[in-house]
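A structural walkthrough
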Amino acid sequence: MPGTGICRIFAPVLAVLIAGCDPFSDARPMMDEYVERVARVLEADPEFSDIPSASQLPRRRDRVLTMPELDMGMLDFLSLYGCELQYVVGEKNSVMGRVMQPLNRLRYEIRFIEAARDCLPDIEDEEFAEELAGGIDSKLESLPIAIWNATWGVEEIEKLFTLAKGYYPVAPEGNPVSDLALDIDSLNAAVARLYSEDLAVSLDFAGDVHQRWQAEYRAGQLINSALLLTARLKDGTNLLKQRIEGKPLCINGQLNNQSDIVQSMFFSVYIEKIQPYVSTVTQGRVALIEPFEQLAEMQRAVMPESFAGWYERHLSQGAEASLWRELDVAMMAHTKAWQELLGQCGLRPGA
């Protein structure tokens, strides 16, 4: 048959035909197809709600916090001769030091505190010793700002959370977020140690983390998929409720041809196609989104106000405005609607 090879020939070239050949190969056509099939077996007209838009990560200039500078006079600086602190401060005052990237600035702040602590016992000038001790306290107080800038203030994180790369894959090979999950777990552990003033923590891994953020876009895909799932699950729930509140699927619990069709679609599409994708998105959420929520929550004290709203919407699991909370609610309502409808026929799932 000449038509049987069309999908095989053109699918690698045209992504549109991939969805046309198999609507269950990509998230958006799959969820639209699901709503259409629910409507078809229930003898109703499908109604598609608008999919809410997510917000991009706030601009970098709105995320980066101003780092306070420590004022040390020239005489004080010269008096540090012989201490490692002299060289640390000298590097900061160099041409390159004035344009430090956030991660290098965090490293500098840590080195300053450690070098100053080492130098302090050797300073004989009591007045300057007090000044330096105050400088150490000041650096410790501002360290959370440097940590924030080296995590949420870096440019690379914008690629990870971009919304321009569509939806999370339906049937990914392996775990698309495995390396990213390891990265964020390591970063959270390092931040927690820094917050406990354990400055011996190594940040050597952090540069590679930022590079992977720049090469990936999975967090944004997960956010897009959560909004898609929420909208289409609600659409399906509305169709199920219309039937529950209208003509019974089974009168007096008696099975019929339509109930057989509905049950068959429930297992072949909802159980075999939709639920696995929901599970895939949930696994990505647990592995990636929830640890990023932890990264932000640990730094709540210095979180910019312009970032807080985005955090509560896109990362928080329990905030009133959380899109993840909305997905949980939509999923529970959809499951309950299926149970009620199939329950009319004695086919309640799990019974």
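Right above here is the structure, for reference.
Residues numbered from 1 in each chain as written. Predicted model: local features only at pLDDT ≥ 70, side-chain atom pairs only at ≥ 80, totals over all residues. Heavy atoms only, no water.

Regarding the packing of helix α13 (residues 257-298) against helix α15 (residues 323-343)
Operational definition: In this analysis, axes come from line fits to C-alpha atoms, helices being fitted only over the stretch in contact, and the angle between any two N-to-C directions falls in the range 0 to 180 degrees. Secondary structure elements follow DSSP: runs of H or I of four or more residues count as helices, runs of E of two or more count as strands, with numbering from the N terminus. What sets the label is the angle itself: under 35 degrees gives roughly parallel, over 145 gives roughly antiparallel, 65 to 115 gives roughly perpendicular, and the rest give oblique. What makes a crossing left-handed is the near helix being turned counterclockwise from the far one by less than a right angle; a clockwise turn instead makes it right-handed. Whether two residues are in contact is decided by their heavy atoms, any of which lying within 4.5 Å being enough. Only Asp, Glu, Lys and Arg are considered charged in this grouping, and only Ala, Val, Leu, Ile, Met, Phe, Trp, Tyr, Cys and Pro are considered nonpolar; every other residue, Gly among them, is considered polar.
At a minimum axis distance of 13 Å, the contact between α13 and α15 shows a crossing angle of 160°. On the basis of their axis angle, the class for α13 and α15 is roughly antiparallel. Judged by the twist between their axes, the crossing of α13 over α15 is left-handed. Facing α13, whose interface residues are V262, Q263, M265, F266, Y270, Q275, V278, V281, R285 and I289, α15 presents W324, L327, D328, M331, H334, T335, W338, L341 and L342. Of the residues belonging to the contact of α13 with α15, the class tally is 13 nonpolar, four polar and two charged.

Examining the pattern of salt bridges
Put simply, the rule is: Any Lys or Arg side-chain nitrogen located within 4 Å of an Asp or Glu carboxyl oxygen qualifies as a salt bridge. Exposed residues in this analysis have more than 50% of their type's maximum accessible area, buried residues have under 20%, and partly exposed residues fall in between, with area computed by a 1.4 Å probe over protein chains only.
Here the structure, examined in full by the defined rule, presents 19 salt bridges. Across the pair D62 and R59 runs a salt bridge whose closest N-O atoms are separated by 3.3 Å. By relative accessible area, which is 29% here, D62 ends up partly exposed. Beyond isolated ion pairs, a larger network of salt bridges with shared partners links R28, D32, R232 and D235.

Remarks on the side chain of S322
To be explicit about the condition: Polar contact criterion, stated in full: a pair of N or O atoms within 3.5 Å, where within protein one must be able to donate a hydrogen and the other to accept it, and residues adjacent in sequence count only if both atoms are side-chain atoms.
Note on placement: S322 falls in the loop between α14 (305-314) and α15. A distance of 2.5 Å separates the side chain of S322 from the backbone oxygen of S316, its partner in a polar contact. With near-sequence residues (within four places) excluded, S322 lies in contact with E312, R313, S316 and Q317.

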